[in-house]
Amino acid sequence: KHKEAADSFDKSLKIFPRNAHALAGLGQVAFQLRQYEKAMDAYESAYEADRNPRHLFEKGHAAFFGKKYRDAQSGFARFCELFPQDAQGQFWYGLAALRLNDKDFGLKKLEEAAKLDSKDECIKNALALARKGAAIKLQQEEDIALTDKKPDAIKPKELIRINDE
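Criteria and cut-off values
- Residues numbered from 1 in each chain as written.
- Predicted model: local features only at pLDDT ≥ 70, side-chain atom pairs only at ≥ 80, totals over all residues.
- Heavy atoms only, no water.
- Helix = DSSP H or I, 4+ residues; strand = E, 2+ residues; numbered from the N terminus.
- Buried < 20%, exposed > 50% of the residue type's maximum accessible area, 1.4 Å probe, protein only.
- Contact = heavy atoms within 4.5 Å.
- Axes fitted to C-alpha atoms, helices over the stretch in contact; angles between N-to-C directions.
- Parallel < 35°, antiparallel > 145°, perpendicular 65-115°, else oblique.
- Left-handed = near helix turned anticlockwise from the far one by under 90°.
- Salt bridge = Lys/Arg side-chain N within 4 Å of Asp/Glu carboxyl O.

This paragraph deals with the side chain of Gln73. Note on placement: Gln73 falls in helix 5 (residues 69-82). Note on Gln73: relative accessible area 14%, which makes it buried. If near-sequence neighbours (up to four positions away) are discounted, Gln73 is found in contact with Tyr93, Ala96, Ala97, Leu100 and Phe105.

Attention now goes to the packing of helix 2 (residues 20-32) against helix 3 (residues 36-50). A packed helix pair is summarised by two numbers, namely the angle formed by the two axes and the spacing between the axes. Relative orientation of the contacting elements helix 2 and helix 3 amounts to 165 degrees, with a least axis distance of 8 Å. Taken together, the axis directions place helix 2 and helix 3 in an arrangement best described as roughly antiparallel. Relative to helix 3, helix 2 is oriented so that their crossing is left-handed. For the pair formed by helix 2 and helix 3, the contact residues are Ala20, Leu23, Ala24, Leu26, Gly27, Gln28, Ala30 and Phe31 on the first element and Tyr36, Lys38, Ala39, Ala42, Tyr43, Ser45, Ala46, Ala49 and Asp50 on the second.

Attention now goes to the pattern of salt bridges. Evaluated as defined, the whole model comprises 6 salt bridges. Lys109 is paired through a salt bridge with Glu112; the nearest N and O atoms lie 3.2 Å apart. Note that Lys109 and Glu112 are positioned in helix 7 (residues 103-116) at a spacing of 3 residues, about one turn of the helix. Its relative accessible area of 9% is what places Lys109 among the buried residues. Arg131 is the salt-bridge partner of Glu111, the closest N and O atoms lying 3.6 Å from each other.

Following this line, the structure appears as structure tokens:
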């Protein structure tokens, strides 16, 4: 399936090289195959083609799961500059900061996410852990790329596992 999808997107790009939908599709295929660098490049190209900020969010996910936390933080920062009221953007921005051991900034972003979406249990739990200085681990980071979900459809509550170290 992945090869067929990638071939279809490649054909489209031969006809229209700046087709953001095809570029983002290549990013999604690469993400599913755990080719995170390739996914990041595809999402950046998609953003350059149509300036849809969602591609920045997707690039942040690819960087995060590729363990390139500085790139993830950069992608989520760019997204949050455009959509400061997006709780998920603030949440992931905070998680990337925490992975870079920037605890104060990570806590600030998680607090912003909690203010924006006070009902999200995952955000509340992550914020409580960050306040205690506990580690926040993502459940099944390796396996998430093999789901059938688009990266932007992955909800944090499907990912969080608590590890009070």
